[in-house]
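Below, each chain spelled out in residue letters.
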Amino acid sequence: MDPHSSAARRTAVLAGHLLRGSAPADGCSSSLIEPAACLHYSPPELSEKPPAFDTASLRRVLDGHDIEGRDWLFRLMEESSLFCPRRRGDRTFVAPDYNQSMEQQREVTMRRIEYLLAHGVFEGWLTGSGPEALMRKFAFFECIGTYDHSLAIKLGVHFFLWGGAIQIFGTKHHHDKWLKAGENFQVMGCFAMTELGHGSNVRGLETIATYDANAGEFVINTPCESAQKYWIGGAANDATHAVIFSQLLVNGTNQGVHVFIAQIRDAEGNVCPNVRIADCGHKIGLNGVDNGRIWFDDFRVPRENLLNSVADVLPDGRYVSPIKDPDQRFAALLAPLSSGRVNIAALAVYISKVGLAIAVRYALTRRAFSMSADGPEVLLLDYPAHQQRLLPLIAKTCAMSSATNFLKRLFIKRTPESNKSIHIYCSAFKATVSWHTMRVLQECREACGGQGLKTENRVGVLKGEYDVQSTFEGDNNVLMQQVSKALLAEYVAAHKRRSPFKGLGLEHMNDPCPLIPSDLTSCTLRSSKFQLDLFCLRERDLFVRYANEVSRYQAEGESKEKALLLSYQLAGDLARAFTERSILQIFIDDEMAQPAGPLKDVLGLLRSMYALICAEEGVSFLRYGYLSLDGAAAARKEVMKLCCDLRPHALAVVSSFGIPDAFLSPIAFDWIQANSWSSLDEE
């Protein structure tokens, strides 16, 4: 065997482990193997270098707003026994008790809502106005979801969906009657849109509301089993009122989907006549939410309960609407889903931060194997492969944090003219960020080894809790198809008008096509101009390819709808290109807003990692030739270098995420003490 070969080196190391120490002269009686020293925990703060930048400043960039309010709410939850504080070693952690039955989880979710209500957390959530109140509501929702997804979803359905529908679709008398009552939980709402047979296809809902002019009422019916309202959060146990999405029949004409508010339970919790409700049952997560199924049997609703900002039915049965185009009218009815998608994207970022903070802290204290017979075992995060598992995900999470802050700002400043852009950004970011979160949680679970399986360590159980984000408030694959379809419409309209592109960051389409250097040095690869040029080149080329393919199918006799369906691969490529370019641009803007110094330098490393890992993972860069084979290889090598450059900052970056220690888990701290025999007395 070649003594310099890797096999020989591994053999020597193993032999050193097995034969450590020397045998006695007589060659017998004593073991050749000496016992290893017991492991001990050392906090990473003691072994890692002090942060090179101000972690509070990075937190301000990533959280974006309401930092003091977030910390107040985190403390409020830590202080109550309702949030299940558990002592592990010398620390206390708060997390839901997932050993509880479904019924117990639902009960404690309501008790937590009552606690937060009593402490003023929801003040202004339905009656407040102005950007500050809305941003505070977003921030509090993210903090609550960091503790428990069930609690967040229960509140999200009530405030953002049910309450949001009343705010957007209702008029003054609806606002006066329901919003304050909803904010104080004198009534509790649910959002009855989804049906057994129709989820993403809202236009195809089968529930029917027929106007009875003689009685001045709408008669709502579930005409078949596929029309039953399904997955309705809050419906099984607690909701007293529902906003009901239904086809509207007036004088025999179907006017499309409209929205009604109706009481489905009385004050004692009894289901109202002509309403049937069943439980959706146990789920892989979110068992603190009482999802239900609803059937309506000649269920009568007063005419005034039609939420009528978009359209109305007069007492004599005349249908009136300021929006004459039925498609535009239908689009307006989907507006509450935008706020839900903003929330999902922002909360998904926070959950990614939780998983990464836990996994990185564990990797900075857990050791495995040594590089030499007598050397110490190596920290997990000092293995290059482990770095490449976690550090690119940290960079992506930071970039997506900037993107969701941008999305929140865009949403609170919305105007009728900006609704289309908001829909595109909400759909793109919700899909991309929620997919990212599931990947993060899986990688972090594996990176924590067997400890990642323990419920108390959070990462594994969060996978089941947050899996639903990929399909509720819009199936992610469907949303990305909607994004590409909307982008194609923008592209076609700009060409028909022969006018420049404006909005959605598409102004780069008006400029000359960027040129990518053939020699990609490290300096070039880390240049924000190169990165943005590369992403813009991909996006503009995919616009052309997608438009041409759709046109080709139409020229061959296919309908526009069929042509769009057949072009689904390029549609997905374009939607991803738009989303990743948008996130990169937003992240660059946040980086450029910082003064020169260590924080800006670290943001530059994170931005380069985000851009280059997207280039490495995005097959379209090679498929369509935006990067040569040599260029792709150079980008891959640069990712490895960036891992080395980011490794010293890993602890400081995850410490900037703003997640209190109590909301992490035992393996993020002294995992030896937390698993000691003496800790059993604390359980």
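Scroll up to find the structure this text is about.
Our subject in this report is the structure included herewith.

Things to note about the overall build of the protein chain
Then step 1. When you go through the protein chain residue by residue, the secondary structure sums to 23 helices and 15 strands.
Then step 2. Against the compact-globule benchmark of 26 Å for 683 residues, the protein chain has a radius of gyration of 28 Å, which places it among compact chains.
Then step 3. If one aligns the C-alpha atoms of the protein chain with their principal axes, the spans along those axes are about 110 × 65 × 45 Å.
Then step 4. Sequence separation of 24 or more characterises 74% of the internal contacts of the protein chain that already satisfy a separation of 6 or more.
Then step 5. When the accessible surface of the protein chain is summed, it comes to about 29500 Å², and 54% of that surface belongs to carbon and sulfur atoms.
Then step 6. Distance from the positive charge centre (72 side chains) to the negative charge centre (78 side chains) of the protein chain: 4 Å.

Considerations on the sheet that holds strand β10 (residues 292-296)
Whenever strands of a sheet pair, they do so through backbone hydrogen bonds, lying parallel or antiparallel.
Then step 1. Strand order in the open sheet formed by three strands is β6-β10-β9, with antiparallel pairing between adjacent strands. Each having just a single partner strand, β6 (229-232) and β9 (275-279) make up the two edges of the open sheet. Between one strand and the next, the sheet's axes are offset by a mean angle of 25°, whatever the strand orientation.
Then step 2. Sheet topology places β6 next to β10; two bridges connect them, and they run antiparallel. Paired with Lys-229 across the two strands is Ile-294, which belongs to β10.

So, unusual backbone geometry
Then step 1. Unusually for a residue other than glycine, Arg-458 sits at a positive phi of about 75°.
Then step 2. Take Arg-458: it is sitting in the loop between α12 (419-447) and α13 (459-466).
Then step 3. Take Arg-458: its relative accessible area is 3%, and that puts it in the buried class.
Then step 4. Positive phi, normally seen in glycine, also occurs at Glu-473, with a value near 60°.
Then step 5. Mapping Glu-473 onto the fold places it in the loop between α13 and α14 (476-497).

Observations concerning helix α3 (residues 55-63)
Residue pairs spaced three or four apart in an α-helix point in one direction, given the helix's 3.6 residues per turn.
Then step 1. Every buried residue of α3 is listed here: Ser-57, Leu-58, Arg-59, Val-61, Leu-62 and Asp-63.
Then step 2. Gly-64 sits one or two positions beyond α3 and adopts a positive phi of about 85°.

Some words on the environment of Gln-673
Then step 1. Its location among the elements puts Gln-673 in helix α23 (residues 671-674).
Then step 2. The class of Gln-673 is partly exposed, set by a relative accessible area of 31%.
Then step 3. When near neighbours in sequence (up to four residues on either side) are disregarded, Gln-673 contacts Gly-89, Asp-90 and Ser-679.

Some thoughts on the packing of helix α18 (residues 568-592) against helix α19 (residues 598-617)
Then step 1. Remark: α18 packs on α19, axes separated minimally by 9 Å, with the N-to-C direction vectors making an angle of 170°. The angle between α18 and α19 falls in the class roughly antiparallel. Seen from α18, the contacting residues are Arg-576, Glu-580, Ile-583, Leu-584, Phe-587, Ile-588, Glu-591 and Met-592; seen from α19, they are Lys-600, Leu-603, Gly-604, Leu-606, Arg-607, Tyr-610, Ala-611, Cys-614 and Glu-617.
Then step 2. Of the residues contributing to the contact of α18 with α19, the split by class is 10 nonpolar, one polar and six charged.

Remarks on the nonpolar core
Then step 1. One finds Leu-116, Phe-122, Ile-144, Val-243 and Ile-394 to be the most contacted residues of the largest nonpolar core, which totals 187 residues.
Then step 2. In terms of residue count, helix α10 (residues 335-363) provides more of this core than any other element does, 17 residues in total.
Then step 3. If we ignore the near neighbours within four places in the chain, the residues touching Ile-394 are Leu-356, Val-360, Leu-606, Val-653, Val-654 and Phe-657.
Then step 4. Formed by 26 residues, the second largest nonpolar core is a distinct cluster that contains Ile-232, Ile-244, Ala-311 and Val-313.

Some points on the side chain of Ser-665
Then step 1. Position of Ser-665 among the secondary structure elements: in the loop between α22 (650-655) and α23.
Then step 2. Here Asn-457 takes part through its backbone oxygen, which lies 3.3 Å from a polar atom of the side chain of Ser-665.
Then step 3. Discounting residues that sit within four places of it in the chain, Ser-665 has contacts with Phe-93, Ile-358, Glu-456, Asn-457 and Arg-458.

A closer look at the packing of aromatic side chains
Then step 1. Under the criterion given, the structure shown has 30 aromatic pairs.
Then step 2. Judged by centre distance (6.0 Å) and plane angle (45°), the rings of Tyr-624 and Tyr-626 are tilted.
Then step 3. Put simply, the rings of Phe-122, Trp-125, Phe-138, Phe-141, Phe-159, Phe-160, Phe-185 and Phe-411 touch in pairs and so form one group of aromatic residues.
Then step 4. Positioned above the aromatic ring of Phe-411, the side-chain terminus of Arg-414 is 4.2 Å from the ring centre.

With respect to the pattern of salt bridges
Pairing between side chains of opposite charge can happen when the charged atoms of each approach one another.
Then step 1. Counting across every chain of the model gives 46 salt bridges.
Then step 2. With its nearest N and O atoms 3.0 Å apart, the salt bridge here joins Asp-71 to Arg-59. Highlighted residues: Asp-71 in helix α4 (residues 67-78) and Arg-59 in helix α3, separated in sequence by 12 residues.
Then step 3. A residue is classified by how much of its surface remains accessible, and Asp-71, at 24% relative accessible area, is partly exposed.
Then step 4. Across the pair Glu-558 and Lys-562 runs a salt bridge, and its minimum N-O distance is 3.9 Å.
Then step 5. Here the residues in one salt-bridge network are Arg-59, Asp-63, Arg-70, Asp-71, Glu-142, Lys-353 and Lys-408, joined through shared partners.

Section: the environment of Lys-502
Then step 1. By the element assignment, Lys-502 lies in the loop between α14 and α15 (522-525).
Then step 2. Considered as a pair, Lys-502 and Glu-490 are 12 residues apart in the sequence and their alpha carbons are 9.3 Å apart.

Re the environment of Gly-128
Then step 1. In this structure, Gly-128 sits in the loop between α5 (102-118) and α6 (131-147).
Then step 2. A relative accessible area of 31% means that Gly-128 is categorised as partly exposed.
Then step 3. The sequence separation of Gly-128 and Asp-601 amounts to 473 residues, and the corresponding C-alpha distance is 39 Å.

Focus on the side chain of Asp-290
Then step 1. With respect to the helices, strands and loops of the structure, Asp-290 is situated in the loop between β9 and β10.
Then step 2. By relative accessible area, Asp-290 is classed as buried at 0%.
Then step 3. Only 2.7 Å separates the side chain of Asp-290 from the backbone nitrogen of Asn-237, close enough to count as a polar contact.
Then step 4. When near neighbours in sequence (up to four residues on either side) are disregarded, Asp-290 contacts Arg-106, Lys-154, Ile-232, Gly-233, Gly-234, Ala-235, Ala-236, Asn-237 and Asp-238.

Concerning α14
Then step 1. For α14, which comprises 22 residues, the first-to-last C-alpha distance of 32 Å matches the rise-based estimate of 32 Å (1.5 Å per residue) to within 8%.
Then step 2. Taking the backbone nitrogen of Asn-477 as reference, a side-chain oxygen 2.9 Å away marks Asp-475 as the first, capping residue of α14.
Then step 3. Directly after α14, the chain includes Arg-498, whose backbone phi takes a positive value near 55°.

Notes on the packing of helix α11 (residues 384-412) against α19
Then step 1. One can describe the packing of α11 onto α19 by two numbers: an axis separation of 8 Å at closest approach and a directional angle of 110°. In terms of orientation, α11 lies roughly perpendicular with respect to α19. In this structure, α11 meets α19 at a crossing whose hand is left-handed. Residues Gln-388, Leu-391, Pro-392, Ile-394, Ala-395, Lys-396, Cys-398 and Ala-399 of α11 lie in contact with α19, whose contacting residues are Leu-606, Met-609, Tyr-610, Ile-613, Cys-614, Glu-616 and Glu-617.
Then step 2. When its residues are assigned to classes, the contact of α11 with α19 shows 11 nonpolar, one polar and three charged.

Criteria and cut-off values
- Residues numbered from 1 in each chain as written.
- Predicted model: local features only at pLDDT ≥ 70, side-chain atom pairs only at ≥ 80, totals over all residues.
- Heavy atoms only, no water.
- Helix = DSSP H or I, 4+ residues; strand = E, 2+ residues; numbered from the N terminus.
- Rg over C-alpha atoms; globule rule 2.2 N^0.38 Å.
- Contact = heavy atoms within 4.5 Å.
- Areas by Shrake-Rupley, 256 points an atom, 1.4 Å probe, with all protein chains shown as cover.
- Lys, Arg positive; Asp, Glu negative; His and termini not counted.
- Charge placed at Lys NZ, Arg CZ, Asp CG, Glu CD.
- Pairing = 2+ DSSP bridges.
- Axes fitted to C-alpha atoms, helices over the stretch in contact; angles between N-to-C directions.
- Buried < 20%, exposed > 50% of the residue type's maximum accessible area, 1.4 Å probe, protein only.
- Parallel < 35°, antiparallel > 145°, perpendicular 65-115°, else oblique.
- Nonpolar A, V, L, I, M, F, W, Y, C, P; charged D, E, K, R; others polar.
- Core = buried A, V, L, I, M, F, W, Y, C linked by side-chain atoms within 4.5 Å.
- Polar contact = N/O pair within 3.5 Å; in protein donor to acceptor, adjacent residues only side chain to side chain.
- Phe/Tyr/Trp six-rings, centres within 6.5 Å; stacked < 30°, edge-to-face > 60°.
- Lys NZ or Arg CZ within 6 Å of the ring centre and 35° of its normal.
- Salt bridge = Lys/Arg side-chain N within 4 Å of Asp/Glu carboxyl O.
- Expected span 1.5 Å × (residues − 1).
- Left-handed = near helix turned anticlockwise from the far one by under 90°.

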